[in-house]
Amino acid sequence: MSSRLYVPCSALNPEDIESLVQLCSSQDKDRVDKHGGRKAALKYLLNFQSAGLDLSPYIDLKALEKLKNEINKLKTIDLYKKEFDENQDDKFEPYWELTNQSRKIHSVAKANRQFTDKKVCFSPEQLKVYFNPKQIANIPYSQGTYESCGFVDSDARDNMIKYPIIQRHNKGQINTIQGRIEQAIFHVPSGKQIIILDFADERMPAGLFLYGATTQEETICYNSDAYGALLDFKYQRFDGGFIIPEFGCLYIKSAQFFKRDQPDVYRYVDIVAAACYDLTGEHGLHNKPDSNEDIEKNTEKKLETIIAAAQANSTNNGENTYLILGPIGCGAFQNKIQTIAKLWANVLLKPLDTNLNTKQYHVFEQIWFLSGSEDKLKAFEDAFHLDSQQRQKCNQFR
(Lines give C-alpha, C1' and ligand atoms only; values in the text may rest on other atoms or scores of the structure.)
Protein backbone atom coordinates (compact mmCIF):
# COMPACT_ATOMS: atom_id res chain seq x y z
CA MET A 1 0.00 0.00 0.00
CA SER A 2 1.35 3.38 -1.00
CA SER A 3 -0.95 6.35 -1.41
CA ARG A 4 -0.44 9.61 -3.28
CA LEU A 5 1.10 12.26 -1.09
CA TYR A 6 1.16 15.88 -2.20
CA VAL A 7 4.62 17.43 -1.91
CA PRO A 8 4.52 21.24 -1.58
CA CYS A 9 8.26 21.63 -2.22
CA SER A 10 8.14 25.32 -3.17
CA ALA A 11 6.40 26.18 0.11
CA LEU A 12 8.52 24.17 2.52
CA ASN A 13 10.61 26.05 5.06
CA PRO A 14 13.85 24.55 6.41
CA GLU A 15 12.16 24.10 9.78
CA ASP A 16 9.46 21.90 8.18
CA ILE A 17 12.09 19.53 6.83
CA GLU A 18 14.17 19.67 10.02
CA SER A 19 11.10 18.71 12.04
CA LEU A 20 10.57 15.56 9.98
CA VAL A 21 14.26 14.69 10.17
CA GLN A 22 14.19 15.01 13.96
CA LEU A 23 11.31 12.55 14.14
CA CYS A 24 13.06 10.10 11.84
CA SER A 25 16.31 10.36 13.80
CA SER A 26 14.74 10.09 17.26
CA GLN A 27 15.94 7.36 19.61
CA ASP A 28 12.65 7.51 21.53
CA LYS A 29 11.08 4.64 19.62
CA ASP A 30 7.98 4.41 21.79
CA ARG A 31 7.15 8.04 20.99
CA VAL A 32 7.81 7.93 17.26
CA ASP A 33 7.04 4.31 16.33
CA LYS A 34 4.09 3.18 18.48
CA HIS A 35 1.63 5.11 16.32
CA GLY A 36 3.70 5.38 13.17
CA GLY A 37 4.93 8.97 13.43
CA ARG A 38 8.38 8.07 12.13
CA LYS A 39 6.81 6.01 9.33
CA ALA A 40 4.73 8.99 8.15
CA ALA A 41 7.62 11.46 8.51
CA LEU A 42 9.93 9.24 6.47
CA LYS A 43 7.32 8.87 3.75
CA TYR A 44 7.29 12.65 3.40
CA LEU A 45 11.09 12.89 3.29
CA LEU A 46 11.32 10.22 0.60
CA ASN A 47 8.63 11.96 -1.42
CA PHE A 48 10.53 15.24 -1.07
CA GLN A 49 13.64 13.50 -2.33
CA SER A 50 11.77 11.94 -5.27
CA ALA A 51 10.46 15.39 -6.18
CA GLY A 52 14.04 16.66 -6.50
CA LEU A 53 14.61 18.20 -3.07
CA ASP A 54 18.20 17.81 -1.86
CA LEU A 55 18.03 16.41 1.68
CA SER A 56 21.79 16.27 2.23
CA PRO A 57 21.87 19.57 4.19
CA TYR A 58 19.42 18.01 6.66
CA ILE A 59 20.36 14.36 7.01
CA ASP A 60 23.20 12.04 6.07
CA LEU A 61 21.91 10.19 3.01
CA LYS A 62 23.44 6.90 4.19
CA ALA A 63 21.50 7.31 7.44
CA LEU A 64 18.38 7.92 5.37
CA GLU A 65 18.89 4.62 3.54
CA LYS A 66 19.33 2.85 6.87
CA LEU A 67 16.07 4.40 8.09
CA LYS A 68 14.27 3.07 5.02
CA ASN A 69 15.33 -0.44 5.92
CA GLU A 70 14.22 -0.01 9.53
CA ILE A 71 10.83 1.35 8.51
CA ASN A 72 10.28 -1.50 6.07
CA LYS A 73 10.36 -3.84 9.07
CA LEU A 74 7.65 -1.77 10.77
CA LYS A 75 5.29 -1.83 7.82
CA THR A 76 3.97 -5.27 8.73
CA ILE A 77 3.12 -4.46 12.37
CA ASP A 78 0.95 -2.04 14.34
CA LEU A 79 2.22 -1.62 17.90
CA TYR A 80 -0.92 0.23 18.99
CA LYS A 81 -3.13 -2.63 17.82
CA LYS A 82 -1.17 -5.00 20.07
CA GLU A 83 -2.22 -2.85 23.05
CA PHE A 84 -5.89 -3.71 22.45
CA ASP A 85 -5.89 -7.10 20.80
CA GLU A 86 -6.96 -9.88 23.17
CA ASN A 87 -4.18 -12.10 21.78
CA GLN A 88 -1.64 -9.24 21.62
CA ASP A 89 -1.53 -9.62 17.86
CA ASP A 90 0.49 -6.82 16.27
CA LYS A 91 0.01 -7.85 12.63
CA PHE A 92 -0.77 -4.83 10.46
CA GLU A 93 -4.49 -4.72 9.69
CA PRO A 94 -6.01 -1.60 8.10
CA TYR A 95 -8.96 -0.18 10.05
CA TRP A 96 -8.76 -2.71 12.88
CA GLU A 97 -10.02 0.14 15.08
CA LEU A 98 -13.46 -0.24 13.46
CA THR A 99 -13.76 -4.01 13.70
CA ASN A 100 -11.81 -5.29 16.71
CA GLN A 101 -14.16 -6.49 19.45
CA SER A 102 -11.61 -6.29 22.27
CA ARG A 103 -13.06 -5.66 25.72
CA LYS A 104 -10.32 -3.04 26.12
CA ILE A 105 -12.04 -0.80 23.57
CA HIS A 106 -14.55 1.40 25.38
CA SER A 107 -18.25 0.95 24.63
CA VAL A 108 -18.65 4.59 23.59
CA ALA A 109 -15.96 4.10 20.93
CA LYS A 110 -17.68 0.97 19.67
CA ALA A 111 -21.02 2.80 19.59
CA ASN A 112 -19.49 5.36 17.23
CA ARG A 113 -19.07 2.63 14.61
CA GLN A 114 -22.63 3.32 13.49
CA PHE A 115 -21.23 6.54 11.98
CA THR A 116 -18.02 4.98 10.61
CA ASP A 117 -19.35 1.62 9.47
CA LYS A 118 -17.32 1.44 6.27
CA LYS A 119 -13.64 1.46 5.48
CA VAL A 120 -12.43 4.51 3.59
CA CYS A 121 -15.01 6.98 4.84
CA PHE A 122 -13.76 10.10 3.03
CA SER A 123 -12.54 10.92 -0.47
CA PRO A 124 -8.92 12.09 -0.94
CA GLU A 125 -10.15 15.63 -1.70
CA GLN A 126 -11.75 15.81 1.75
CA LEU A 127 -8.46 15.13 3.54
CA LYS A 128 -5.86 17.90 3.41
CA VAL A 129 -2.41 18.22 4.99
CA TYR A 130 -0.94 21.69 5.48
CA PHE A 131 2.63 22.37 6.59
CA ASN A 132 2.52 26.16 6.81
CA PRO A 133 0.64 29.27 5.59
CA LYS A 134 2.90 29.60 2.55
CA GLN A 135 1.64 26.29 1.20
CA ILE A 136 -1.93 27.57 1.56
CA ALA A 137 -1.14 30.93 -0.03
CA ASN A 138 0.26 29.06 -3.06
CA ILE A 139 -2.94 27.10 -3.66
CA PRO A 140 -4.38 29.46 -6.33
CA TYR A 141 -1.22 29.09 -8.41
CA SER A 142 -1.13 25.30 -8.53
CA GLN A 143 -2.09 23.47 -11.71
CA GLY A 144 -1.97 20.07 -10.04
CA THR A 145 -4.66 17.42 -9.67
CA TYR A 146 -4.98 14.48 -7.35
CA GLU A 147 -4.28 12.12 -10.21
CA SER A 148 -1.15 13.96 -11.32
CA CYS A 149 0.52 14.74 -8.00
CA GLY A 150 -1.84 14.13 -5.08
CA PHE A 151 -3.06 17.76 -5.02
CA VAL A 152 -6.37 17.83 -3.11
CA ASP A 153 -7.11 21.57 -3.04
CA SER A 154 -8.79 22.11 -6.40
CA ASP A 155 -11.95 23.28 -4.61
CA ALA A 156 -10.00 25.78 -2.49
CA ARG A 157 -8.00 26.88 -5.55
CA ASP A 158 -11.13 27.68 -7.57
CA ASN A 159 -12.74 29.50 -4.66
CA MET A 160 -9.64 31.51 -3.76
CA ILE A 161 -9.36 32.65 -7.40
CA LYS A 162 -13.02 33.65 -7.53
CA TYR A 163 -13.04 35.21 -4.05
CA PRO A 164 -9.49 36.37 -3.21
CA ILE A 165 -8.97 36.25 0.53
CA ILE A 166 -7.32 39.66 0.66
CA GLN A 167 -10.47 41.27 -0.79
CA ARG A 168 -12.87 39.85 1.75
CA HIS A 169 -14.57 42.28 4.09
CA ASN A 170 -17.08 40.41 6.24
CA LYS A 171 -18.51 41.08 9.66
CA GLY A 172 -15.85 39.10 11.48
CA GLN A 173 -17.63 39.32 14.82
CA ILE A 174 -15.72 37.71 17.69
CA ASN A 175 -17.72 36.29 20.60
CA THR A 176 -17.13 34.09 23.61
CA ILE A 177 -19.50 31.18 24.07
CA GLN A 178 -19.82 29.06 27.20
CA GLY A 179 -20.62 25.43 26.53
CA ARG A 180 -19.47 22.25 24.86
CA ILE A 181 -18.62 21.63 21.24
CA GLU A 182 -21.43 19.11 20.71
CA GLN A 183 -23.89 21.78 21.89
CA ALA A 184 -22.43 24.76 20.05
CA ILE A 185 -22.53 23.20 16.60
CA PHE A 186 -26.30 22.86 16.69
CA HIS A 187 -26.69 26.50 17.71
CA VAL A 188 -25.06 27.83 14.55
CA PRO A 189 -27.88 29.14 12.31
CA SER A 190 -28.91 26.77 9.54
CA GLY A 191 -27.43 27.44 6.12
CA LYS A 192 -24.08 28.56 7.59
CA GLN A 193 -20.76 26.87 7.02
CA ILE A 194 -19.23 25.60 10.26
CA ILE A 195 -15.48 25.16 10.74
CA ILE A 196 -14.33 23.83 14.11
CA LEU A 197 -10.89 23.45 15.64
CA ASP A 198 -10.03 19.98 16.93
CA PHE A 199 -7.53 20.14 19.81
CA ALA A 200 -5.85 17.10 18.33
CA ASP A 201 -3.37 14.49 19.42
CA GLU A 202 -0.53 14.73 16.91
CA ARG A 203 0.60 11.17 17.69
CA MET A 204 -2.49 9.17 16.75
CA PRO A 205 -6.02 9.49 15.36
CA ALA A 206 -8.38 10.94 17.99
CA GLY A 207 -6.07 10.58 20.96
CA LEU A 208 -7.49 8.26 23.62
CA PHE A 209 -10.75 7.72 21.75
CA LEU A 210 -10.56 3.93 22.04
CA TYR A 211 -10.14 4.24 25.81
CA GLY A 212 -13.30 6.34 26.17
CA ALA A 213 -11.56 9.59 27.16
CA THR A 214 -13.79 12.68 27.23
CA THR A 215 -11.53 15.56 26.24
CA GLN A 216 -12.42 17.84 23.32
CA GLU A 217 -11.05 15.79 20.41
CA GLU A 218 -12.58 12.55 21.62
CA THR A 219 -15.92 14.31 22.18
CA ILE A 220 -15.88 15.52 18.57
CA CYS A 221 -15.24 11.98 17.38
CA TYR A 222 -17.92 10.36 19.55
CA ASN A 223 -20.50 12.70 18.03
CA SER A 224 -19.43 12.60 14.37
CA ASP A 225 -17.77 10.55 11.66
CA ALA A 226 -14.50 12.45 12.18
CA TYR A 227 -12.81 9.34 13.56
CA GLY A 228 -13.29 7.73 10.17
CA ALA A 229 -11.59 10.72 8.55
CA LEU A 230 -8.63 10.53 10.91
CA LEU A 231 -8.30 6.80 10.21
CA ASP A 232 -8.39 7.59 6.49
CA PHE A 233 -5.43 9.90 7.05
CA LYS A 234 -3.67 7.01 8.79
CA TYR A 235 -4.37 4.33 6.21
CA GLN A 236 -5.02 6.18 2.95
CA ARG A 237 -2.57 9.08 3.27
CA PHE A 238 0.15 7.96 5.68
CA ASP A 239 0.25 4.22 4.87
CA GLY A 240 -0.50 3.14 8.42
CA GLY A 241 1.39 5.90 10.22
CA PHE A 242 0.12 9.20 11.59
CA ILE A 243 1.43 12.73 11.90
CA ILE A 244 0.31 16.33 12.14
CA PRO A 245 3.10 18.61 10.83
CA GLU A 246 4.76 20.56 13.63
CA PHE A 247 3.80 23.96 12.21
CA GLY A 248 0.73 22.76 10.35
CA CYS A 249 -2.60 21.00 10.56
CA LEU A 250 -4.90 18.45 9.01
CA TYR A 251 -8.13 19.64 7.39
CA ILE A 252 -11.29 17.52 7.02
CA LYS A 253 -14.01 18.67 4.62
CA SER A 254 -17.69 17.98 5.33
CA ALA A 255 -17.69 15.67 8.31
CA GLN A 256 -21.12 14.83 9.67
CA PHE A 257 -21.81 15.85 13.26
CA PHE A 258 -24.76 14.05 14.86
CA LYS A 259 -27.02 14.65 17.82
CA ARG A 260 -26.26 11.63 19.93
CA ASP A 261 -29.87 11.18 21.06
CA GLN A 262 -31.17 11.95 17.54
CA PRO A 263 -28.69 10.38 15.08
CA ASP A 264 -30.89 11.33 12.13
CA VAL A 265 -30.24 15.01 12.99
CA TYR A 266 -26.84 16.21 11.83
CA ARG A 267 -24.83 19.18 10.54
CA TYR A 268 -21.98 19.19 8.05
CA VAL A 269 -18.81 20.52 9.68
CA ASP A 270 -15.27 21.17 8.47
CA ILE A 271 -12.62 20.24 11.02
CA VAL A 272 -9.12 21.66 11.48
CA ALA A 273 -7.03 19.20 13.50
CA ALA A 274 -3.95 20.74 15.11
CA ALA A 275 -1.88 20.34 18.26
CA CYS A 276 0.07 22.60 20.57
CA TYR A 277 3.28 21.46 22.19
CA ASP A 278 2.93 19.11 25.14
CA LEU A 279 4.74 21.16 27.78
CA THR A 280 4.82 18.17 30.14
CA GLY A 281 7.03 16.33 27.67
CA GLU A 282 5.03 13.13 28.22
CA HIS A 283 2.72 12.77 25.24
CA GLY A 284 3.60 14.96 22.27
CA LEU A 285 5.05 13.69 19.03
CA HIS A 286 7.11 16.83 18.38
CA ASN A 287 9.51 17.82 21.15
CA LYS A 288 8.93 21.28 22.57
CA PRO A 289 11.60 23.94 21.99
CA ASP A 290 13.99 24.69 24.84
CA SER A 291 12.94 28.29 25.52
CA ASN A 292 9.55 29.82 26.29
CA GLU A 293 10.23 32.41 23.61
CA ASP A 294 10.62 29.72 20.94
CA ILE A 295 7.57 27.84 22.20
CA GLU A 296 5.46 30.99 21.78
CA LYS A 297 6.97 31.78 18.38
CA ASN A 298 6.34 28.29 17.05
CA THR A 299 2.87 28.08 18.56
CA GLU A 300 1.93 31.31 16.81
CA LYS A 301 3.06 29.73 13.55
CA LYS A 302 0.72 26.80 14.21
CA LEU A 303 -2.20 29.16 14.84
CA GLU A 304 -1.41 31.09 11.65
CA THR A 305 -1.66 27.86 9.67
CA ILE A 306 -4.99 27.03 11.32
CA ILE A 307 -6.47 30.40 10.35
CA ALA A 308 -5.02 30.25 6.83
CA ALA A 309 -6.53 26.76 6.37
CA ALA A 310 -9.95 27.96 7.51
CA GLN A 311 -9.76 31.02 5.26
CA ALA A 312 -8.79 28.96 2.22
CA ASN A 313 -11.59 26.45 2.78
CA SER A 314 -14.36 28.89 3.64
CA THR A 315 -17.40 28.74 1.38
CA ASN A 316 -17.58 31.43 -1.30
CA ASN A 317 -16.37 34.72 0.23
CA GLY A 318 -16.77 33.57 3.83
CA GLU A 319 -19.75 35.78 4.58
CA ASN A 320 -21.65 32.76 5.92
CA THR A 321 -18.78 31.02 7.70
CA TYR A 322 -18.72 30.42 11.46
CA LEU A 323 -15.30 29.51 12.85
CA ILE A 324 -15.27 27.89 16.30
CA LEU A 325 -11.94 28.12 18.13
CA GLY A 326 -10.90 27.73 21.75
CA PRO A 327 -8.19 27.07 24.37
CA ILE A 328 -6.12 24.61 22.36
CA GLY A 329 -3.30 23.00 24.33
CA CYS A 330 -4.53 24.26 27.71
CA GLY A 331 -5.61 20.89 29.13
CA ALA A 332 -3.27 17.96 29.54
CA PHE A 333 -0.54 19.73 27.54
CA GLN A 334 -0.49 22.56 30.13
CA ASN A 335 -0.07 25.59 27.88
CA LYS A 336 -1.12 28.75 29.72
CA ILE A 337 -4.50 30.11 28.66
CA GLN A 338 -3.25 33.70 28.84
CA THR A 339 -0.49 32.84 26.35
CA ILE A 340 -2.82 31.00 23.95
CA ALA A 341 -5.40 33.79 24.09
CA LYS A 342 -2.69 36.39 23.40
CA LEU A 343 -1.40 34.41 20.42
CA TRP A 344 -4.90 34.02 18.95
CA ALA A 345 -5.27 37.78 19.20
CA ASN A 346 -1.88 38.30 17.56
CA VAL A 347 -2.94 36.17 14.59
CA LEU A 348 -6.53 37.32 14.11
CA LEU A 349 -5.80 41.01 14.57
CA LYS A 350 -3.04 41.09 11.95
CA PRO A 351 -3.84 43.26 8.90
CA LEU A 352 -5.49 41.59 5.93
CA ASP A 353 -5.65 44.57 3.54
CA THR A 354 -4.40 47.95 4.72
CA ASN A 355 -6.34 49.78 1.98
CA LEU A 356 -9.60 48.27 3.18
CA ASN A 357 -8.50 48.52 6.82
CA THR A 358 -9.38 44.84 7.30
CA LYS A 359 -7.96 42.26 9.69
CA GLN A 360 -7.65 38.49 9.35
CA TYR A 361 -10.95 37.96 11.17
CA HIS A 362 -12.83 39.83 8.42
CA VAL A 363 -12.59 36.72 6.24
CA PHE A 364 -15.37 35.14 8.36
CA GLU A 365 -18.85 36.08 9.47
CA GLN A 366 -18.41 34.97 13.08
CA ILE A 367 -15.61 33.62 15.24
CA TRP A 368 -16.59 31.90 18.46
CA PHE A 369 -14.17 31.18 21.27
CA LEU A 370 -15.82 28.25 22.99
CA SER A 371 -15.07 26.82 26.43
CA GLY A 372 -16.88 25.55 29.49
CA SER A 373 -14.39 27.32 31.76
CA GLU A 374 -15.03 30.79 33.18
CA ASP A 375 -11.30 31.50 33.52
CA LYS A 376 -10.53 30.52 29.93
CA LEU A 377 -13.37 32.60 28.50
CA LYS A 378 -12.23 35.57 30.58
CA ALA A 379 -8.72 35.23 29.10
CA PHE A 380 -10.16 35.47 25.57
CA GLU A 381 -12.32 38.44 26.55
CA ASP A 382 -9.27 40.22 27.94
CA ALA A 383 -7.16 39.45 24.86
CA PHE A 384 -9.83 40.73 22.43
CA HIS A 385 -11.22 43.47 24.70
CA LEU A 386 -14.66 41.88 24.77
CA ASP A 387 -17.41 42.62 27.28
CA SER A 388 -17.98 39.52 29.41
CA GLN A 389 -21.58 40.63 29.83
CA GLN A 390 -22.07 39.87 26.12
CA ARG A 391 -20.90 36.29 26.57
CA GLN A 392 -23.48 33.71 25.57
CA LYS A 393 -24.19 30.24 26.85
CA CYS A 394 -25.20 27.41 24.56
CA ASN A 395 -28.42 26.88 26.50
CA GLN A 396 -29.36 30.54 25.92
CA PHE A 397 -29.47 30.21 22.12
CA ARG A 398 -32.82 30.09 20.42
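In the nomenclature of an unreviewed UniProt entry, the protein corresponds to Microbial-type PARG catalytic domain-containing protein from the organism Rotaria sordida.

Undergrad: Which residues make up the overall build of the protein, and what values do they have?
TA: Looking only at helices and strands, the protein features 15 helices and 10 strands. For the protein, whose C-alpha radius of gyration is 20 Å, the value lies close to the compact-globule estimate of 21 Å for 398 residues. Within the protein, the fraction of its 398 residues that count as buried is 57%. Put simply, of all contacts in the protein between residues at least 6 apart along the chain, 72% involve residues at least 24 apart. Accessible surface for the protein amounts to roughly 17400 Å². Of this, 46% is attributable to carbon and sulfur atoms. One way to put it: in the protein the 49 positive side-chain charges average out to a point 2 Å from where the 53 negative ones average out.

Undergrad: Residue-level account of the side chain of aspartate 278, with values.
TA: Relative to the elements of secondary structure, aspartate 278 occurs in the loop between β5 (262–274) and α13 (292–312). Buried and without a salt bridge, aspartate 278 has arginine 203 as its closest oppositely charged side chain, separated by 7.1 Å. A distance of 3.0 Å separates a polar atom in the side chain of aspartate 278 from the backbone nitrogen of glutamate 282. Among the polar contacts listed, one links the side chain of aspartate 278 to the backbone nitrogen of histidine 283, at a separation of 2.4 Å.

Undergrad: Summarise the UniProt feature "domain: Microbial-type PARG catalytic" (unreviewed entry) in the protein; cite the residues concerned and give the values.
TA: In the numbering adopted here, UniProt assigns the feature "domain: Microbial-type PARG catalytic" (unreviewed entry) to residues 175–232. With 31% helix and 19% strand, the stretch residues 175–232 has end C-alpha atoms that lie 33 Å from each other.

Undergrad: Quick rundown of unusual backbone geometry? Include the residues and the values.
TA: In this structure, tyrosine 95 takes a positive phi of about 65° despite not being glycine. By the secondary structure assignment, tyrosine 95 is in the loop between α5 (79–84) and α6 (107–111). Of note, glutamine 334 is a non-glycine position whose phi angle comes to about 65°, a positive value. On the accessibility criterion, glutamine 334 (54% relative accessible area) is exposed.

Cut-offs and rules
Residues numbered from 1 in each chain as written. Predicted model: local features only at pLDDT ≥ 70, side-chain atom pairs only at ≥ 80, totals over all residues. Heavy atoms only, no water. Helix = DSSP H or I, 4+ residues; strand = E, 2+ residues; numbered from the N terminus. Rg over C-alpha atoms; globule rule 2.2 N^0.38 Å. Buried < 20%, exposed > 50% of the residue type's maximum accessible area, 1.4 Å probe, protein only. Contact = heavy atoms within 4.5 Å. Areas by Shrake-Rupley, 256 points an atom, 1.4 Å probe, with all protein chains shown as cover. Lys, Arg positive; Asp, Glu negative; His and termini not counted. Charge placed at Lys NZ, Arg CZ, Asp CG, Glu CD. Salt bridge = Lys/Arg side-chain N within 4 Å of Asp/Glu carboxyl O. Polar contact = N/O pair within 3.5 Å; in protein donor to acceptor, adjacent residues only side chain to side chain. UniProt positions renumbered as here; feature names shortened; annotations may be inferred.

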